[in-house]
Amino acid sequence: MKVVIEDVRKTFGNKKKGEVLALDNINFSIEEKEFVVLVGPSGCGKSTLLNIVGGLLSPTEGSVYFEGLLNKKPNLAIVFQEIALFPWRTVYENVIYGLEEQKVSKQEQKEKADFYIDMVGLTGFKDAYPKQLSGGMKQRVGIARALAVEPDLLLMDEPFSALDAQTRTLMQEELLTIWNRTQLSTLYVTHNIQEAVYLADRVIVLSRHPGQIKEIIKIDLPKMGRDTEQHRAKYEQYADDIWQLIRQDAEDALKE
Amino acid sequence: MTKQRQMITNRVAFLDKKVPIYASFLGLVGLIVLWEIICSLNLVSPLFLPAPSAIVTTGWEMVVSGEIYENLVPSLYRIVVGYAIGSAFGVLIGLVLGFSKWADAIGTPVVYSIYPIPKIALLPLFILWLGIGELSKVTIIALGVFFPVVINTFSGVKNVDPILIKAAVTFGSSPFNVVRKVILPGSLPMIFAGLKLAAGTSLLLLVSAEMIAAQNGIGAMVLHYGNLMITTKLMVGVLVLSLLGLTFNRVLQWVEYKLIPWK
């Protein structure tokens, strides 16, 4: 199974008032069990692209499709930047939301929810409402909700950008551990280069005006322990390479 | 040598000043005591302002004689049925108007053009259409309740965070489930604001309708004793109405607390 993004182009606005070309000529694929990170300066259309892949926005041209998925509709899950938990549902009820819609039996809902709530370390908070949780805990619920449906493709839209720097570092480590247990095909959007190099199998660097693929970089490091002394030099090298690619665009973005 | 200290104190302490519970009764009790004193000093004639003690004793006599019961039951029937019908339709239509762009475009101008009409002005028309019986009174209450509820439900739906709808759709919700599981709970706080507003309206319409066209009911009772200049019994009616309004509000608050525990 793989996910193919083919010739995607997206314009906003209309012909009369002038069109803005947000994405152009986007071609790449996400292999099974691959962790792909989209990175780029603000305004490069990376969230737009993720929304198109997630079926929340239609591309102006081109298509997104699953290849080799036998006799079933692709099953997607998104972890949102805004977290988007239902405030009237408890942690448990939020996590089973997707399972309910899949018409999974109550027994199975409970087993899966317990399993994934445990995985994100929120066992004691099953009956809490989102309002009662800290930002980091909320996003753990968001992750558990997405994992619980065991998606064919997991989409993550800057999931940790609303968190403070310390929580963020811990959540990145945790995500990596969780990912190693679940091995889901993942498309992850971020503007944080360190985060991209830390998590990705491949990093797709986008440019801006229009959003185009500048380069696809394969991160040739073991999945775990990239921040250890042994790999430090190579890790920094990747991060620096990507920064050099983005730098000019980021500076332009700042001037706007 | 000791250095001079300049203490920094909390200058916004007045913001979280605690007030004892009895404070909320002070104003009420004070008012009643003052009223009683004025009456017992014969400063005003009991015809214009009967004493609180006289109202309570007369009220008790009317409860015992069954007069209150005879008038309260029809009033309760009218307001409960009218309120239930009006709010049910209000929530339903509000959800439809909020969710469907077509319904919004067609229905919203209609709602907003009927909304400003003082509903009581329509009572003669309803009596003509539906007769002088219960139906015309229930209808006018239902109509009065419908508008604040529909308008609040509508804006409640519009205020549901779009990201929650996106999340629901991502996790496989059908449009019907989006309404049932996201839009309805998301707009409940606004719906309740509308229901509370409508409670006041419904009481007002109940009394007005009963004064215009009814043989029984608290409104008719108040008018009847007003005509006979039996002010004490008139005031008993007013007291019953105020208790009715208070109970109404309390019940709604309780239901809101039960339905929206996540707020």
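Remember, predicted model here, so these are calculated numbers, not experimental data. (Residues numbered from 1 in each chain as written. Chains lettered and ligands numbered in written order. Predicted model: local features only at pLDDT ≥ 70, side-chain atom pairs only at ≥ 80, totals over all residues. Heavy atoms only, no water.)

Visitor: Report on the overall build of chain B, specifying residues and quantitative values.
Guide: A tally of helices and strands in chain B yields 10 helices and 0 strands. From first element to last, N terminus to C terminus, chain B shows the α and β order α-α-α-α-α-α-α-α-α-α. Taken over the C-alpha trace, chain B has a radius of gyration of 25 Å; the compact-globule value for 263 residues is 18 Å, which it surpasses by more than 25%. Across its three principal axes, chain B shows a C-alpha extent of roughly 90 × 70 × 30 Å. For chain B, the proportion of its 263 residues judged to be buried stands at 40%. Counting contacts in chain B only where the partners sit at least 6 residues apart, residues at least 24 apart contribute 73% of the total. If you sum the accessible surface of chain B, you get close to 15,900 Å²; carbon and sulfur atoms cover 72% of it. (Helix = DSSP H or I, 4+ residues; strand = E, 2+ residues; numbered from the N terminus. Rg over C-alpha atoms; globule rule 2.2 N^0.38 Å. Buried < 20%, exposed > 50% of the residue type's maximum accessible area, 1.4 Å probe, protein only. Contact = heavy atoms within 4.5 Å. Areas by Shrake-Rupley, 256 points an atom, 1.4 Å probe, with all protein chains shown as cover.)

Visitor: For the packing of helix α4 (residues 101–114) of chain B against helix α6 (residues 134–158) of chain B, give the residues involved together with the corresponding values.
Guide: The geometry of a pair of packed helices is captured by two quantities: the angle between their axes and the separation between those axes. Residues and elements named next belong to chain B. It is the contact of α4 with α6, at a shortest axis distance of 11 Å, that shows an interaxial angle of 140°. In terms of axis orientation, α4 runs oblique to α6. Our pair here, α4 against α6, has a crossing hand that is left-handed. When α4 is examined against α6, the residues Asp-104, Thr-108, Val-111, Tyr-112 and Ile-114 are found in contact with a partner set consisting of Phe-147, Val-150, Ile-151, Phe-154 and Lys-158. Tallied by class, residues from the contact of α4 with α6 come to 7 nonpolar, 1 polar and 2 charged. (Axes fitted to C-alpha atoms, helices over the stretch in contact; angles between N-to-C directions. Parallel < 35°, antiparallel > 145°, perpendicular 65-115°, else oblique. Left-handed = near helix turned anticlockwise from the far one by under 90°. Nonpolar A, V, L, I, M, F, W, Y, C, P; charged D, E, K, R; others polar.)

Visitor: Provide a residue-level description of the interface of chain B and chain A, including the pertinent values.
Guide: The interface of chain B with chain A comprises 17 residues on the first partner and 21 residues on the second. Summed over both sides, the interface between chain B and chain A buries roughly 1,800 Å², with carbon and sulfur atoms accounting for 69% of that surface. Broken down residue by residue, the surface that chain B buries against chain A is led by Phe-171, Lys-181 and Trp-262 of chain B, which jointly contribute 41%. At the junction of chain B and chain A, the tally comes to 2 salt bridges. The residue Lys-181 of chain B makes a salt bridge to Glu-101 of chain A at a minimum N-O spacing of 3.2 Å. Considering every element that reaches the side of chain B that touches chain A, the biggest residue donor is helix α7 (residues 162–170) of chain B, with 6 residues. Of the residues that constitute the side of chain B that touches chain A, the class distribution is 9 nonpolar, 5 polar and 3 charged. (Buried area = accessible area lost by both parts, 1.4 Å probe. Salt bridge = Lys/Arg side-chain N within 4 Å of Asp/Glu carboxyl O.)

Visitor: So what's going on with the pattern of salt bridges? Which residues, and what values?
Guide: For the structure on display, the rule yields 20 salt bridges over all chains. Within this structure, Arg-89, Glu-100 and Glu-101 of chain A together with Lys-181 of chain B form a network of salt bridges that share partners.

Visitor: Explain the sheet that holds strand β7 (residues 186–190) of chain A to me, using residue names and the numbers behind them.
Guide: Residue and element names in this part refer to chain A. Strand order in the open sheet formed by 6 strands is β5-β6-β7-β3-β8-β9, and the pairing between neighbours is mixed. On the outer flanks of this sheet lie β5 (76–79) and β9 (212–218), each paired with one strand and no other. Pairs of neighbouring strands in the sheet enclose a mean axial angle of 20°, with direction left out of account. In terms of strand pairing, strand β6 (residues 153–157) meets β7 through 4 bridges, oriented parallel. (Pairing = 2+ DSSP bridges.)

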